[in-house]
Amino acid sequence: MQLWEGTTRVMLHCAASSGRDRAAAAGVSAVVLPPASVLHKHVHRFLCWVQRSFAGWWRCEGKTGKLLRKVTEGQGARALRCWHVVASHSLCCLRCSLQKQWEEPCARAFDTMMSIRQRKGVGTTEVSEDGAAPQENVTLEKKPSSEGCTSRRLWKILSFTVGGAMALCTGLLTSVYLATLHENDLWFSNIKEVEREISFRTECGLYYSYYKQMLQAPSLVHGFHDLMYDNKTESMRTINLLQRMNIYQEVFLSVLYRVLPIQKYLEPVYFYIYTLFGLQAVYVTALYVTSWLLSGTWLSGLLAAFWYITNSCHLRTSRGSHRTDGSCGHCLLCRTDTTRVEFTIPLRENWALPFFAVQIAAITYFLRPNLRPLSERLALLAIFLSTFVFSLMWQFNQFMMLVQALGLFALDALDMLPALKATWLYTIQVAALLLVCALQFFNSMILGSLLISFNLSVLIARKLQKNLKTGNFLNRLGKLLLHLFVILCLTLFLNNIIKKALSLKSDEHIFKFLKAKSGFGATRDFDANLYLCEEAFGLLPWDTFGRLSDTLLLHAYLFVLLVTVTAALAVALRNLRSGFNVSVCCLSSDCPAQPPLEQPGKCPVHLGAATAYSLAHTVVFGALALSTMRMKYLWTPHVCVFAASGLCSPEVWGLLLKVTRLYNPARTCVMRYAVPMLTLSYLCCKFWPGVMEELAELREFYDPDTVELMHWISANTPGTAVFAGSMQLLAGVKLCTGRTLTNHPHYEDSSLRARTKSVYQIYAKRPPEDVHALLRALGTDYVILEDSICYERRHPRGCRLRDLLDMANGHVMDGPGENDPDLKLADHPRFCEEIKRDLPPYTALFTRVFQNKTFHVYRLARGK
């Protein structure tokens, strides 16, 4: 005990000397400490409490343990002078995590010590003799007047009210704008019902057909039964659509439409599309709020919303429409870089991405420092709900969240996120995905996802590798590389075990596509090539950057990215070199995110957790967008957020001005408001006339061949007839006529992919007997041939559908060009061309029953 008393006396002397020295350096009066006996008593109690309750700390590794052992083992004044470092690294953590267990005198003694050490520019402070004065008696700064506090509070309320109103207005205006574009492009309110349904191209029509099916069911129970035991989507098979597809949104909307008293005022199709356009209001509002949270001003949210709109769609003409004035529609300036909702309404991503934006906004708020416990819980609830809804609405949710998890892991490994919060985010992703798996009747594709394996591996590796973030730079770097290797091996092991246990093959086509796209050898796999040859799955075109530059978005983004990446690299290197790390010490968001002890005269670079996450998000999804054009809709909206928040961020401008030696607070404030306002003015002046011209331009849906085909099928074929054809066309057949299909565009099933390849032999070089046998094996009654596929010229040689089939069948492709040496000449001509010659071998098995300029329908002979 004498050791503790001596330690306490020397520590009090050091603390008082440090306080006088710092006060003198700042040019202010020294802090008046309480009598030594009073302060000694409280500090002595605290040290005794540490000795009783934290014996394990003496055995811990790292800087904190070594310094604490020096103090307790009595190694002299040199060790005691390091006490302020111990307070920075251990006492902060102890008080944050175990504040409720502290004795009240210990807390007051801790506050006095930390206040003397940390703060500069203090004024004269009196502390009562008995030590019972409240914490407010240690006055470190001059309290503002009550009038100043009131005016500041009123200004915050006014700013929040105006910013919130602007967010809602911007979201609603975006929704109305996109709905107007859709109406003007198709004259949707005036065309027939079958034309409205045909306008839902490819898989959009398939998803909308289930909404229509639920509304036409005699009762909700009957409708649910038909979805769970469906035998019309795939002939000769009964499948559970709620398990196979993400159609809970269609089910929910159909139930809502039947329950609400709106049938007399709103048609079902309008209720559907208005819901989607309403979600765009949620989307833009979430982007607005995220930018506001990152920058601290709603001006950045307004700029992000303007960028989203100006890069969404401007003066374009979609397929299947023409101008009402009789002139040809032409694309004046195509901008489909942030959304394509107005011409692909039922697409799964248009349902899911608004909730993904809500999740990002909630994560941004959750990563803010000094959150109250209630605010943290509400933020976690918002993150979980948005993640769950996002996962429920899109079959590719697991891949998107895996990319998100990789970004979180990188930040966590570099100490740029609190470890506890990162753990919460990993856990929420897994929990939301497992809940979706349960609702989808334990869909094996979800259970075998890489996301679940990766997140579980991260959590397991943390338990296995103790003291991961301790030691010097090389030691920590080696531990980090080992940690990466362990997680990689564990992820692959878990994923392989799960897939073998479930016999999972649903997502193998995606990995074949990724392997071929990454350059690991050419492939003749039909499914992989089907993706590789689609423009949407190719590299991001260079003209995208030109369009983003026209709105100044690319310039602002690169500027903010350069500054933020520089700051992130500096912070990451500092975290790796220093013994302090936020993940180990700080168990609460009230703990500082950076080392509290800094050398005088230096201004270190800081990067908040929310900003670091935003940076990681834009980097990982930017890499995804560059590799796959379709994924740009996950990246470009966040580009708007990131660029706008950076232009309005005091940290970005402050760092830039400090580097150029031009820093002062007034200049920073001017820059963060003037530059965004000038950018907004430029956008309004340049794009307002074009937006008005676009809203005034009227077009009309026009696709008479498809309309004629649908009418013929409805009038001349039995309701139980089975149709074969291209995936895109058959989705429309099911929606418009309700007939049974052999295949469809929802490609995430191995047996369906085999069916599709068999049906597509109608465009290959196969004899009529083989084609007839393949189609009849699927129960086909009618087959639809399309000239646009048989004589396709849209894709180059090697990517036409008939070329993909020829390579898969081992046949030489048509036309001039090179062929692989092992490909052989086919023994038979191309089926889709030869059948039109009405030769006996074909007419014996196939009878033409309908024909127009685009489509040819043949009835298959039975029993042959």
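Remember, predicted model here, so these are calculated numbers, not experimental data. (Residues numbered from 1 in each chain as written. Predicted model: local features only at pLDDT ≥ 70, side-chain atom pairs only at ≥ 80, totals over all residues. Heavy atoms only, no water.)

Caption draft 1: Representation of the nonpolar core. Ranked by size, the top nonpolar core spans 162 residues in total, and within it F200, Y272, W307, L634 and I784 carry the most contacts. Looking at this core, the element that brings in the most residues is helix α13 (residues 268-295), giving 15 residues. Excluding anything up to four places from it in sequence, L634 contacts L353, F356, W394, M400, H617, F621 and L624. One finds C533, F537, F831 and F846 within the second-largest nonpolar core, a separate group that totals 36 residues. (Core = buried A, V, L, I, M, F, W, Y, C linked by side-chain atoms within 4.5 Å. Buried < 20%, exposed > 50% of the residue type's maximum accessible area, 1.4 Å probe, protein only. Helix = DSSP H or I, 4+ residues; strand = E, 2+ residues; numbered from the N terminus. Contact = heavy atoms within 4.5 Å.)

Caption draft 2: Quick peek at the sheet that holds strand β7 (residues 855-860). Strand order in the open sheet formed by five strands is β4-β3-β5-β7-β6, with mixed pairing between adjacent strands. In the strand order of this sheet, the two ends are held by β4 (740-741) and β6 (846-851), each with one partner. Direction of pairing for strand β3 (residues 722-724) relative to β4: parallel, over a ladder of two bridges. Considered in β4, the bridge of V722 is made with T740. Along the sheet, helix α34 (residues 768-777) contacts β3, β5 (782-786), β6 and β7; its crossing angle with β6, the most-contacted strand, is approximately 75 degrees. (Pairing = 2+ DSSP bridges. Axes fitted to C-alpha atoms, helices over the stretch in contact; angles between N-to-C directions.)

Caption draft 3: Geometry of the packing of aromatic side chains. Scanning the model with the defined rule gives 31 aromatic pairs in all. The interplanar angle of 70 degrees and the centroid separation of 5.8 Å between the aromatic rings of Y272 and W351 together place this pair among those described as edge-to-face. Here the residue Y272 occupies a position in helix α13, and W351 occupies one in helix α15 (residues 348-366), the gap between them amounting to 79 residues. Residue class for Y272 comes out buried when judged on its relative accessible area of 0%. Consider the rings of F723 and Y782, whose centres lie 5.1 Å apart with planes at 15 degrees: the pair is stacked. Placement of the pair is F723 in strand β3 and Y782 in strand β5, with a sequence separation of 59 residues. (Phe/Tyr/Trp six-rings, centres within 6.5 Å; stacked < 30°, edge-to-face > 60°.)

Caption draft 4: Structural view of the state of the cysteines. A full pass over the atoms with the stated rule returns two disulfides. Between the sulfur atoms of C790 and its disulfide mate C832 the distance is 2.0 Å. Judged by the sign of its S-S torsion, about 80 degrees, the bond between C790 and C832 is right-handed. Of the two residues, C790 sits in helix α35 (residues 787-790) while C832 sits in helix α37 (residues 831-834), which places them 42 residues apart along the sequence. (Disulfide = S-S within 2.5 Å.)

Caption draft 5: Just helix α14 (residues 298-310), in detail. In a regular helix each residue adds 1.5 Å, so 13 residues correspond to 18 Å; α14 covers 19 Å between its end C-alpha atoms and thus fits that length. With ten of 13 residues buried, α14 is to be regarded as a mostly interior element. Turning to α14, its buried residues number three or more, namely L299, S300, G301, L302, L303, A304, A305, W307, Y308 and T310. (Expected span 1.5 Å × (residues − 1).)

Caption draft 6: Spatial organisation of helix α12 (residues 248-259). Across its twelve residues, α12 extends 16 Å between first and last C-alpha, which sits within 8% of the 16 Å expected from 1.5 Å per residue. By the burial criterion, the buried members of α12 are Y248, Q249, E250, V251, L253, S254 and Y257.

Caption draft 7: Spotlight on the pairing of β5. The buried count for β5 comes to five of five residues, which makes it a mostly enclosed element. Relative to β7, β5 runs antiparallel, the two sharing five bridges. In the strand pairing of β7, I784 is matched with V857.

Caption draft 8: Geometry of the side chain of T297. The topology assignment puts T297 in the loop between α13 and α14. Under the relative-accessibility criterion, T297 is labelled buried at 7%. Every residue in contact with T297, bar those within four places of it in the chain, is listed here: W292, C648, R672 and Y673.

Caption draft 9: Spatial organisation of the confidence of the model for the chain. Mean pLDDT over the chain stands at 81; residues scoring 70 or higher make up 77%. Across residues 1-40, confidence stays below pLDDT 50; counting only partners more than four residues off in sequence or on other chains, it has 62 contacts. This stretch, residues 580-603, has a pLDDT under 50; its non-local contacts, to residues over four places away or in other chains, come to 58 contacts. (pLDDT = per-residue confidence, 0-100.)

Caption draft 10: Main features of the packing of helix α25 (residues 553-577) against helix α29 (residues 650-659). Here α25 crosses α29 at 75 degrees, and the two axes come no closer than 10 Å. It follows that α25 is roughly perpendicular to α29 by the angle criterion. On α29, the residues that touch F559, V563 and A567 of α25 are V652, W653, L655 and L656. Looking at the contact of α25 with α29 residue by residue, the class counts come to seven nonpolar, no polar and no charged. (Parallel < 35°, antiparallel > 145°, perpendicular 65-115°, else oblique. Nonpolar A, V, L, I, M, F, W, Y, C, P; charged D, E, K, R; others polar.)

Caption draft 11: Seen up close, the pattern of salt bridges. Under the criterion given, the structure shown has 29 salt bridges. With a closest N to O distance of 3.2 Å, E697 and R699 form a salt bridge. There is no split in this pair, since E697 and R699 are both buried. For D781, the salt bridge is made with R862, and the minimal N-O distance between the two is 2.7 Å. Here D781 is found in the loop between α34 and β5, whereas its partner R862 is found in the segment after β7, with 81 residues between them in sequence. Using a relative accessible area of 58% as the deciding quantity, one classes R862 as exposed. When salt bridges with common partners are traced through the structure, they connect E234, R237, R244 and D749 into a single cluster. (Salt bridge = Lys/Arg side-chain N within 4 Å of Asp/Glu carboxyl O.)

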